Amino acid sequence: MRISTSLNIFWEVGVEIQDAMERCAKAGFEALDFNLTDYQRMEYPPFLDSKGEEWAAHISRTAESFGLAFTQMHAPIFPKFSVGKETERYTTMSHDSLRIAGVMGIPWVVWEPDVTPGDYGEKHRKEVFQKNHEFFDPLVKTAERYNTGVCLENVPDSMGKSRGCPKWVSSEAVELCELVDSFNSPRVGICWDTGHAHMQGLEQRKELRILGDRLKVLHIQDNNGQADQHLLPFMGTVNWKDVMDGLYDINYAGDFTYEVHNAIR
């Protein structure tokens, strides 16, 4: 298990990406999460134009020169089922993120599944599953084209209120596995966010054992169980022995990737 971090810890503090990677290498990190989310609100994101692949390849080569590898990517974050130009723009960016991941040799790109307003009764639940397939099925095809993969992340039910829904489709391992398995594709896996699971009040060892080999990447963060604080382990109240025991139980072989920007900023 390599120790990894998202580069978003440097995003709002004026550190250029080459310097950020060098600092990570000197600190002992072995791998990195490329957070494309940091670029999504730029008027002209560098990964969209004709030089995007050249830009990405240069970043990847620079990381290699420091002995680092990019092993996962965080895709754009946005309401996926809304109608409008902004949703269209970020959906296009989502496909571009897979193209860029292919250039950089990144095996997994992470998205959160989404929900629609409703009571989350059985009829509404089927609608939510269908909507997620309508959004992610084309992305899975794009992932196949660029030899990369799509990871779906657990999200706590409390975040569903912003979508007018009492529950989030991926808040617990059983349903997240059901959604991932419904794609019937080796290009679709799971990202487990320890902070989100803590907000849901889950016993994480039990949940991780349900995920098994579907688990491809991690977002390691701590919080107080009430808010998505993105703190370092032991700055909050996550049961880290429970987490580590669960990873051991399933012989997790991926990276231990910190997503702790608020602890740094």
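Residue positions within a chain follow its written sequence, with the count starting from 1. Only residues with pLDDT of 70 or above have their local features reported here, since the model is predicted, and side-chain atom pairs are shown and tallied only from 80 upward, although totals for entire chains, interfaces and linings are computed over all residues. Processing note: side-chain calculations cover all non-hydrogen atoms of the structure and skip hydrogens and water entirely.

What follows deals with the overall build of the protein chain. Helix and strand counts for the protein chain stand at 9 helices and 8 strands. Each radius of gyration is computed over the set of C-alpha atoms, and the globule rule expresses the reference value as 2.2 Å times the number of residues to the power 0.38. Taken over the C-alpha trace, the protein chain has a radius of gyration of 18 Å; the compact-globule value for 265 residues is 18 Å, and the two agree within 12%. Judged by the C-alpha coordinates and their principal axes, the protein chain covers about 50 × 45 × 30 Å. Scored against the burial criterion, the 265 residues of the protein chain give a buried share of 55%. Secondary structure counts use DSSP, requiring at least four H or I residues in a row for a helix and at least two E residues in a row for a strand, with both numbered from the N terminus. Burial classes: relative accessible area under 20% of the type maximum marks a residue as buried, over 50% as exposed, and values in between as partly exposed (1.4 Å probe, protein chains only).

Next up on the list: the nonpolar core. Definition used in this section: a nonpolar core is a set of buried Ala, Val, Leu, Ile, Met, Phe, Trp, Tyr and Cys residues joined via side-chain atoms within 4.5 Å. In terms of nonpolar packing, the biggest core is built from 70 residues, with F70 and L215 touching the most fellow members. The dominant element in this core, judged by the number of residues it contributes, is helix 4 (residues 122–145), at 7 residues.

What follows deals with the environment of H74. Relative to the helices and strands, H74 resides in strand 3 (residues 69–74). Linking H74 and D157, residues 83 residues apart in sequence, is a C-alpha distance of 21 Å. Here, two residues are considered to be in contact whenever any of their heavy atoms come within 4.5 Å of each other. Setting aside anything within four residues of it in sequence, one finds H74 in contact with D33, F34, N35, L36, T37, V110, E153, H219 and E259.

What follows covers the sheet that holds strand 5 (residues 149–153). Here, strands pair whenever DSSP counts at least two bridges between them. Across the sheet, 8 strands lie side by side as 7-6-5-4-3-2-1-8; this open sheet has parallel pairing. Of all the strands in the sheet, just strand 7 (215–219) and strand 8 (256–258) have a single pairing partner and so form its edges. On average, each strand axis in the sheet is inclined to that of its neighbour by 30°, with strand direction left out of account. Direction of pairing for strand 6 (residues 188–193) relative to strand 7: parallel, over a ladder of 4 bridges. Note on geometry: axes are C-alpha line fits, over the in-contact stretch for helices, and angles between N-to-C directions span 0 to 180 degrees.

Most of strand 2 (residues 31–35) sits out of view: 5 of its 5 residues are buried. Neither face of strand 2 is left uncovered, since the one carrying A31, D33 and N35 and the one carrying L32 and F34 both have all their residues buried. The pairing of strand 1 (residues 3–6) with strand 2 spans 3 bridges and is parallel. Bridge assignment links S6 to a residue of strand 2, and that residue is D33. A right-handed crossover is one whose linking path, passing over the helix from the first strand to the second, runs clockwise when the strands point away from the viewer. Of the crossover connections in this fold, the one passing from strand 1 over helix 1 (residues 17–27) to the parallel strand 2 is right-handed. When strand 2 meets strand 3, the two strands line up parallel, connected through 5 bridges.

Let us look at empty space enclosed by the protein. Only protein atoms enter the 1 Å grid used here. Points where a 1.4 Å probe fits but cannot escape make up a cavity, open sets with protein on both sides within 12 Å along at least five of seven lines make up a pocket, and a residue lines them when an atom lies within 4 Å of a point. Grid points are joined across faces, edges and corners, and a volume is the space filled by probe spheres set on the points. Evaluation of the coordinates by the stated rule reveals 1 cavity of 30 Å³ or more. Of the volumes computed, that of the largest cavity is approximately 30 Å³. The residue makeup of the lining of the largest cavity, split by class, is 5 nonpolar, 1 polar and 2 charged. Here the nonpolar group is Ala, Val, Leu, Ile, Met, Phe, Trp, Tyr, Cys and Pro; Asp, Glu, Lys and Arg are the charged ones; every other residue, Gly included, is treated as polar.

On to the layout of surface pockets, then. If you add up the space inside the largest pocket, you get close to 450 Å³. For the largest pocket, the lining is made up of 21 residues, of which N8, N35, T37, I77 and H261 are closest to its centre. The residue makeup of the lining of the largest pocket, split by class, is 3 nonpolar, 9 polar and 9 charged. Estimated volume of the second largest pocket: approximately 190 Å³. Lining the second largest pocket are L7, F10, W11, V15, E16, I17, A20, F34, N35, D38, Y39 and M42. Broken down by secondary-structure element, the contributors of at least two residues to the lining of the second largest pocket are helix 1 and strand 2. Across the lining of the second largest pocket, the residue classes tally to 9 nonpolar, 1 polar and 2 charged.

Looking now at the packing of helix 1 against helix 2 (residues 52–65). Close contact between helix 1 and helix 2 brings their axes to 9 Å; oriented N to C, the two are set at 25°. Here helix 2 runs roughly parallel to helix 1, going by the angle between their axes. Of the two elements, helix 1 crosses helix 2, and the hand of that crossing is right-handed. In contact with I17, Q18 and M21 of helix 1, helix 2 contributes I59, T62 and A63. Counted by class, the contact of helix 1 with helix 2 contains 4 nonpolar, 2 polar and no charged residues. An angle below 35 degrees is treated as roughly parallel, one above 145 as roughly antiparallel, one from 65 to 115 as roughly perpendicular, and anything else as oblique. Crossing handedness: left-handed means the near helix sits turned counterclockwise from the far one by under a right angle, and right-handed means the same turn made clockwise.

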